Each structure stands twice: as structure tokens, then as C-alpha cells.
Amino acid sequence: MVYRSDSREGCNGRDRRDARSLGAGVTPDGDPVLAARLTVPTVPGTFVRRERLVETLTEGAGRPLTLVTGPAGAGKTLLVADWSTACEPGAVAWLTVEPQDSAPGVFWSYVLHALRHHGIALPENIRGPARPGEVDHSLLARLAAWLNERDSRVILVLDEFDRVAGSAAVADELQFVLRHAGDGLRLVIISRTEPLLPLHRYRAAGELVDIRADDLAFRAEETATLVDRHGLPLSAEAARTLTERTEGWAAGLRLCALAAQRAADPESFLNDFEAGHSTVADFLLGEVLRAHPAETQDLLLRTSILERTHPDLANALTGRDDAEPVLEALQRANAFVEPLGHSWYRLHSLFAEILRVHLRVRRPGLEPELHRTAAEWLSRAGLLDEALRHAADAGDWELAAAELVDHLAIGRLLTGPAAERLDGLFAGMAPEASGPAPDLVRAARELAHHDVDRGVTYLRRAEENLPDLGTDSTDDAAAMRLSCAVLRVLAARVVGSADLAETAARDAAEAEQALPADRLERSPELTALMLTDLGSAQLWAGRFDAARATLSAAVDTAEGLPTAFPRHEAPGRVANVPPPEGAPPAGRTTGLSQHALSRLALIDFLHGRPGQAEAHARGAVAEAERSGLPVPYRTGMAQLVLAAVAVDRDDLTAAQDHLDQAAATSAATRDPLMAVELAILRSRLLVARGDPRAALLALDDMTRQPLVSAEPSPWVSDRIAMATAAAHLADGDPRAAVKVFEEQPLHSPESRAAEARARVAAGDGEGALRILDALPDPQDQGPAVDVWLLLTRAQVAEATGDSPAAEGLVLRALAAARPHQLRRPFREAGPWLGRLLRRPALAREHTWLTGTLAPLQAASPQRTQAPRPEPLSAREQDVLERLAQLMSTEEIAADLHLSVNTVKTHLKSIYRKLAATRRGEAVRRARELGLL
């Protein structure tokens, strides 16, 4: 407390001197004055002085009024008593108020005795009131005037003032004296409730200091100190746990510490004590519960099952209609009832825990029925999450499952921030719970856990018991059929069947027609989920146009979500209902939006549109970041697309970063499409870094893993074949690359072009040309695909002796690649392209590729540390480059106009200098050394 530096003294840090009573007295009603009411309470040795509160009290001494309010046992009295020990003797007068002080004459008689008791001499003209029920106004005026004229300030502490809180006369008279005493009086009121003083005026004028329940609550470090004062050292984690459970309630902490002193393992006791059977329970039941009338006790016991309560909900539990005034009165009385706003309240968690134990003793068997009633009320109010918890606590799993399905909320088990919580809730569903709704919930949980067989089994069992829309046209029947159809779409997506997914989607559309539009609008995530799964199934099947349309519709659905929370409409009133703590944020289909956007990005990439792919992928990442989705809950596909685009641009560092982020998501091991694309991209990176053997191992490991999808994807198998062939080509084994394509049918022009590239590398230029000539005219393909096709055609043209055509094709490839900075296709094309680009006609067209065509450095530290070989001659370099193109000895001789024997001599020299024994080994060694 900061005091004014005038002649009026207050607390200055010196110890209090014992003040002796100036003599016994009587009150106006003839009763003796009780000296104990005038004595400052003794502060125990275990008391913890909290400087933050002491400073607030010290600040309050500079203002007319300080108000310390809180529930029973909050530590109000000891806080002020300890603080008063630092005040100047004669500066503080203490009075503990009793109910009989509601009579003004008795109250003021005790106030005057308190002043005298603490060494403050009163003038002769200020004597006690004559009658108990009233006080002469002139007495109050003389008291105020005398206080105002004093050189030193008086601090009057009124403890337990709530005992006279209902006396308007006492409050008015106290306000009169305080207002006219000026700087001569500082009033400190300790109370469970706010007094009838005009507190709003004091607050507006900055003349009031408040210390409330939240301020009085112990913090974790203060809890540790308190328990340590009781001889029980406590770890920081245990202190935090105890503080959270008691909500920092001082009496609860002290009672727990006292009980722990008798325990064999004090810390374990404090972590796990049974609140309902403890001295804490005795205190709360005696001091708080039994202080109220029977009707209020009944309301507290019944509402103790709730995390929060509303007057209408409390009325439903009690069967009465008086909850609103009762809850308001409890809140005003600081009776462990806290307002949350919008007419909602909560009980102190420890108090509620004790009340629940007491409820089971007083009314055995009632708790499940209360939970069921609460579930039904909360469901009607649109508060589904809370309704489900209470239905589960009631053990009524049929009700819980029916509410989830009827609210079209089955999708929340599959996506969004609530999925994990709901999954944990329904994990406890009893096996005997029967009917289509429980089976639909079981199916959703199994599908979410990627157990397709069990999920489909439950789904079929639910379908057998679904109501027929022809005979049962209720909304609930339609909701059940819609939920079932959505789960069938999901199951079809998981097994890779676009036909089954599209059939189920048609059934879902039929069920939607039977539901009111407003009911569908309240659960937009169900439609978004169905569209996303349908689009994913179509994508897997290679139905790209249909997938693009479906996924775009899913994005539109997710972006058009309402942002308001539900409203509770009670009979005769409308009240805003804030979301419960821990509720998912508005826009709960954000996860679906980023999932659909990432699939659209993949379609764009597959069609060779890196710019659009990157835009969709970054949009998906931004959606996930805006929603605060943790990395494991993101799809990862967007990061994979960004990695693929970065590889094509030859930005390997960025590609690895995106790849690592994709691998950190849970979908990396659960989504077949993710698993395939991860392996393909890893192989591409390994090839780019000069390790094709490792790339082949990565692809082989992936193909050995059984995919969840039952139906193969044509374009996925094409991409695996293309990646495998590229790794074989980089490894100097074009025959193996050709074999990859001979062992499986190909479906896309890109894969056929990749086969042509393998064949020309293997020396079959004519075969490659036949493949390219048979390709259909390009349709719906972007610049990245164009670049690969053009370079392949150029390589075939160059190999078949049509250099002018090759130059023209490379020029077109450069023009198509430059706007998108597609460098990787040129780097992987082979040495033939390097020679071609050195020709005058092309030299000026590839300046933006500076550095890209430089050979890769060795990836292995051991290899980079190997000694440099003897330099190759210019002719040996020419032979080596043709060797890398898999030209035969005769072809090399003809191309260089040398004899076959001369070429063989050069080959022997090359093998010796590169420490190789065969062609493939020589080519790999040359690449590692940067010679190719």
C-alpha cells in the first residue's frame, strides 16, 4: 500500500504494540461487549504471506475503501490480519461483525468499542448509541467530523461484513461516515458478498481497491510454499496438480496439507486424495452446503453433475422453476458458484466433486437419471458435445449414438478438432448397445482407425436395420440413412472404389432431399466430408475431371460455413450460449477444406501445371495454419505437392523440407496415396543427389508394403513405373528401365513417353520413335508435361540423326519451362542435351539454366573424399559421354570417325583411370567425379 506523505500516518512497517481494552462495556441492548470480536485474529506459523496481495492492500490504504471478497475459506481474514501487523499501533481498529449487528445501534456501539480497544481515544462528545435499533444522526456526524480533523488516519477493518449485508440502514450510515470523514478514515471490508454501499461510484472515481476470489486463489508456487510450511516438500508438478484441483482455494489446500501429514506417502496422497471423504468435504458441507435452505441444497446437489449450468437446465433437473434467483443469490454470496456470462454458471470444481459424492450417499441411483435429463435438455439446446458426455455418463449409449446421428454429426468422429475427444468418448460404448445408430458410430470409429474390415461389418449390420424412407419419413430416419451413405462413401474411398463411392453419394443425395435445409446447414461438415471422400475415390481411379469438380464443390462447401455458434432457445426467451471450454472453433471443416485443396493441387501437378498446383497447395497449408491444426492432423499432401514442384525446379533443399513436413503427418502411413507419393518423391530426390541405388530400394520397400486400397489405381502404377525406370536410367541400366515398362500395362501419355526415353537410352531409337508417334494428341496437359514430352522427342530425334528437329524441340521445351523455372527435366535428360545446348542456335536460349546443367556432385562423403583420378584426354571424354548414352563400341567409333580398335584402347584407358571394370561402373564413377 502506498501512502500519502502527509502527517496522517498509517502502515509503516513497524510491529503492532498490544493494545489493551479501555474497560468493559455493554451494548445498547444490555449485552456485554465481547472483546474477542475486537481482537485481530492470530496468524498461524504456517501462513504464507503473498507479497502481491500485501502490495494491493497497501495501495488500498491510500483510498477510502478496500473490499476483500471471496468464498468461505478463501483466506480473506488472515490476509488482512497479517497485513495489519505491519501498521502503526493505533492505526488499525478491528471488528468481527455478527448478525445482531444488523441493528444500527448495536453495530455502531461495537465500532466505537473497537476504536477504543485499539488505543484510539474518542472525544467526550462521542458516546455510544442509546437504543439498539437506531443511532442518532448527530452521533454519526460528530464521529465523521472528528475523524476528518484528526492528524493521523484510522483504518477500520470490518471482518465478515456479509453477516449484516442485508441491513440497508447500516450500509447507509457507514457510507455517510466514510464520505464525510475525508482522509481520516480508511475502510477495509472483508465479506463473502458485496456490501450495499454505492460501489459503482467508488470504482468510477478510482477510490476502491478490490481483492476478489481470483486474486485470493493460490498460485502453484504459493501452494508449494504452503505445503512446505507444513513439513511436506512438494514437487513443482505435484504443486501444479493440487492447485488445479483445488482451484487455489486456501482452506482446501491447508486441510489437504494437514491430512497429508498423516499419510505414508504425502505427495501421492495430495495427488489422489478422495475429496468426498476428507476434512475438505466436512468443511464445505458444513460451512457452505448446510448454510443454505433445503431447496438450495437440492439444486446444488443436482447441478453438481454439470460442468456448467443454466437456470432452465437447473429447473429441468430439480423439477422447479426457481433456479434463476437461487443461482444469482449463490453467486452474490460467493458460495462457490461462479458466473460465466449469458446466464450460465459453474460450481467450484472441488465443491462439485464433493457434492457428487454427497449426492450418491443422499440420493443413490439418482445420478444416471440426472445425466439423462441433462443430455436431453442440452441436445434440444443444440449443445451436442455436452449432451453426448451426459448421455455417456448415464450409460445410455443408444441415446448418445442417436443424438450424434440425429444431429448429422457422425462426421465429427472422422475429422476436426473434436474427433479425438469423441472417439475417446465412444470407446467406452457398451457392446450390448444395439440398433443402427450405435452400429453406425462403431463403423465410423473403425474406419477412422483404418480397420476397413471391421468398419464395413458394422456398416452392413447398421444398413440391415435402417428405417425405410418410404415407410418412415421422419427427419431422424433420413438423418440415419444420410449418415450411413456418407460412411459408405468413406469406406469406398478407403478401398479405392470410385463406383461404390459414386453409388453411395447418390444415396446420400436422396437422403438429403428428405431433410429440412436448415438441419443440413447446421452440419455442413457432413456434406464437405462426403464430397472430399468422393473426390478422393475418383482421383484414385483416375477420373480426374470428376474428381476436380467434386473436390472444388467440397472446398466451396467448407468456405461457406456459418461462423456463429448455436443459440439456445428456451420457452419464452432466447439466450446466447457461448461455446463450452475446449469446443472446436467455428469453421470446423477447415481440415476438410485443406484436404480437398491438397487433392486439387495433386491433380494440377499430375496434369503438369506447377503454378496452379503450388497455389492450391499453399492455400491448403494456409487453411491448416489458420485453423491451428497440429501437424499430425494435416493431410500432408499439400507439402508433398510443394516438394514435387520444388524437385522440378531443382530446389532440392526446399523439396526436402516439404517432404519432411509431409512425413510428419499421420496420413503419411495411413493414406495409400500419400504413401505412394512419398516413396516416389524420396526416390526422385535420391536420384537428384546421385544415389539411384538408394532410390530403387525406396521404391522397392514401398511396393512390398500392402496398400489398403483393394482396387489398383492406373495412374499410380504408372507413376511408380516411371520413377523406377528413371532410377534405373540414372544407374546406367537402360535395359532394366525398359523391362519395367514391359512388365505392366501403361495408361498415360507421360508413362508411354517415359518408356520411349528408356528405349532410346537402350539404343532402340526406332522403337522409341514408334511409341511417340502413337501417342494421342495432347489434351488437358500443362507445361511440365509438355517439357518432358518435348525433351523425349528431342532425344529420340537426336539419336535417330535428325538434329534440326531435335534443336527445334529443345527450343520449344526451353520456352515452355522458363516461366515455371522447370530445371530438373533438363538436368535428367542426359549428356546428349549438354552437347546440343552448346550449339550456336541454342546457346543463347538457356542462360536461365546457369548451373543447372553442371554435373551433380557425389552424394557420399566417402566418395567426395576419394582422390581425383588421372585426367581424361579430350578424346577419352568424347568416348565417355557416348558410353553414358549406352552406345555400342561400333556406334561410338562411327560417331567419332575412329576405328573400333582405337575406341577399345580409349575404353581401357578410361576404365584404368576411373578404377572401373565395366561400362556401368565407369559411368557411375564419372558422374560421382563430375565428369558427366
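Residues numbered from 1 in each chain as written. Predicted model: local features only at pLDDT ≥ 70, side-chain atom pairs only at ≥ 80, totals over all residues. Heavy atoms only, no water.

A. Spotlight on the pairing of strand E2 (residues 92-96). Burial analysis of E2 places five of its five residues in the buried class, the great majority of the element. Of the two faces of E2, the one lined by Val92, Trp94 and Thr96 and the one lined by Ala93 and Leu95 are each fully buried. (Buried < 20%, exposed > 50% of the residue type's maximum accessible area, 1.4 Å probe, protein only. Helix = DSSP H or I, 4+ residues; strand = E, 2+ residues; numbered from the N terminus.)

B. Representation of the packing of aromatic side chains in the model. Within the structure shown, the criterion is met by eight aromatic pairs. Seen from their ring centres, Phe107 and Phe161 are 6.4 Å apart, and the 75 degrees between their planes marks the pair as edge-to-face. Remark: Phe161 occurs in the loop between strand E3 (154-159) and helix H5 (168-180) and Phe107 occurs in helix H3 (residues 104-117); sequence separation between them is 54 residues. For the pair Phe107 and Phe161, one class covers both residues: buried. (Phe/Tyr/Trp six-rings, centres within 6.5 Å; stacked < 30°, edge-to-face > 60°.)

C. Quick look at unusual backbone geometry. The backbone of Glu160 shows a phi angle near 55 degrees, a positive value even though the residue is not glycine. Of the residues examined, Glu160 reaches a relative accessible area of 26% and is grouped as partly exposed. Despite not being glycine, Asp650 has its phi angle at roughly 65 degrees, a positive value. Relative to the helices and strands, Asp650 resides in the loop between helix H30 (637-648) and helix H31 (652-663). The class for Asp650 is buried, based on a relative accessible area of 17%.

D. Here's a closer look at the pattern of salt bridges. Within this structure, the stated rule accounts for 58 salt bridges. The salt bridge involving Glu194 is made with Arg203; its shortest N-O contact spans 3.0 Å. Since its relative accessible area comes to 38%, Glu194 is described here as partly exposed. Arg203 gets classed as partly exposed once you look at its relative accessible area, which sits at 32%. A salt bridge links Arg759 to Asp764; its shortest N-O distance comes to 3.6 Å. Connected via shared salt-bridge partners are Glu742, Arg752, Glu755, Arg759 and Asp764. (Salt bridge = Lys/Arg side-chain N within 4 Å of Asp/Glu carboxyl O.)

E. Quick look at the sheet that holds strand E4 (residues 185-191). Strand order across the open sheet formed by five strands is E2-E3-E4-E1-E5, with parallel pairing between neighbours. Unpaired on one side and paired on the other, E2 and strand E5 (208-211) mark the two borders of the sheet. In this sheet, adjacent strand axes meet at a mean angle of 15 degrees when their direction is disregarded. (Pairing = 2+ DSSP bridges. Axes fitted to C-alpha atoms, helices over the stretch in contact; angles between N-to-C directions.)

F. View of the nonpolar core. In this structure, Leu404, Ile410, Phe426, Leu440 and Val641 are the most contacted members of the largest nonpolar core, which totals 109 residues. Examining the composition of this core, we find that 14 residues originate from one element, helix H23 (residues 475-495), more than from any other. If we ignore the near neighbours within four places in the chain, the residues touching Phe426 are Leu388, Trp397, Ala400, Ala401, Leu404, Leu413, Val441 and Arg445. Counting residues in hydrophobic clusters, the runner-up holds 58 residues, among them Leu242, Leu270, Leu300 and Val326. (Core = buried A, V, L, I, M, F, W, Y, C linked by side-chain atoms within 4.5 Å. Contact = heavy atoms within 4.5 Å.)

G. Just the packing of helix H24 (residues 498-513) against helix H26 (residues 524-540), in detail. In the contact formed by H24 and H26, the axes pass within 9 Å of each other and the chain directions differ by 160 degrees. What the angle tells us is that H24 and H26 run roughly antiparallel. Crossing handedness for the pair H24 and H26: left-handed. Within the contact between the two elements, H24 uses Ala498, Ala501, Glu502, Ala505, Ala508 and Glu512 and H26 uses Thr527, Met530, Leu534, Ala537 and Gln538. Looking at the contact of H24 with H26 residue by residue, the class counts come to seven nonpolar, two polar and two charged. (Parallel < 35°, antiparallel > 145°, perpendicular 65-115°, else oblique. Left-handed = near helix turned anticlockwise from the far one by under 90°. Nonpolar A, V, L, I, M, F, W, Y, C, P; charged D, E, K, R; others polar.)

H. Main features of the pairing of strand E7 (residues 344-347). Relative to E7, strand E6 (residues 337-341) is paired through four bridges, and the arrangement is antiparallel. If you follow Gly341 over to E7, its bridge partner there is Trp344. In sequence, E6 turns back onto E7 through a hairpin of two residues, with His342 there showing a positive phi of about 55 degrees.

I. Local environment of the packing of helix H14 (residues 311-318) against helix H15 (residues 323-332). For the pair H14 and H15, interaxial distance at closest approach is 8 Å and the crossing angle is 115 degrees. Looking at the two axes, H14 sits roughly perpendicular to H15. As H14 runs across H15, the sense of the crossing is right-handed. Residue-level contacts link Pro311, Ala314 and Asn315 of H14 to Ala323, Glu324 and Leu327 of H15. Class assignment of the residues belonging to the contact of H14 with H15 gives a composition of four nonpolar, one polar and one charged.

J. The arrangement of the side chain of His595 in detail. Of note, His595 is situated in helix H28 (residues 590-606). Looking at His595, the relative accessible area reads 14%, which means it is buried. If near-sequence neighbours (up to four positions away) are discounted, His595 is found in contact with Thr532, Ser536 and Thr635.

K. Looking closely at helix H9 (residues 236-246). What H9 keeps buried is the set Ala238, Ala239, Leu242, Thr243, Arg245 and Thr246. Summarising the axial view, the buried residues of H9 lie within an arc of 165 degrees, below the 170-degree limit, and thus occupy one face. Packed against the buried residues of H9 are helix H8 (220-229), helix H10 (250-260), helix H11 (266-272) and helix H16 (349-362). A positive phi of about 55 degrees marks Glu247, the residue just after H9. (Arc of directions from axis to C-beta.)

L. Region of interest: the side chain of Arg245. Inspection of the secondary structure assignment puts Arg245 in helix H9. Here Glu353 takes part through its side chain, which lies 2.5 Å from a polar atom of the side chain of Arg245. Discounting residues that sit within four places of it in the chain, Arg245 has contacts with Asn271, Asp272, Phe273, Ala275, Ser349, Leu350 and Glu353. (Polar contact = N/O pair within 3.5 Å; in protein donor to acceptor, adjacent residues only side chain to side chain.)

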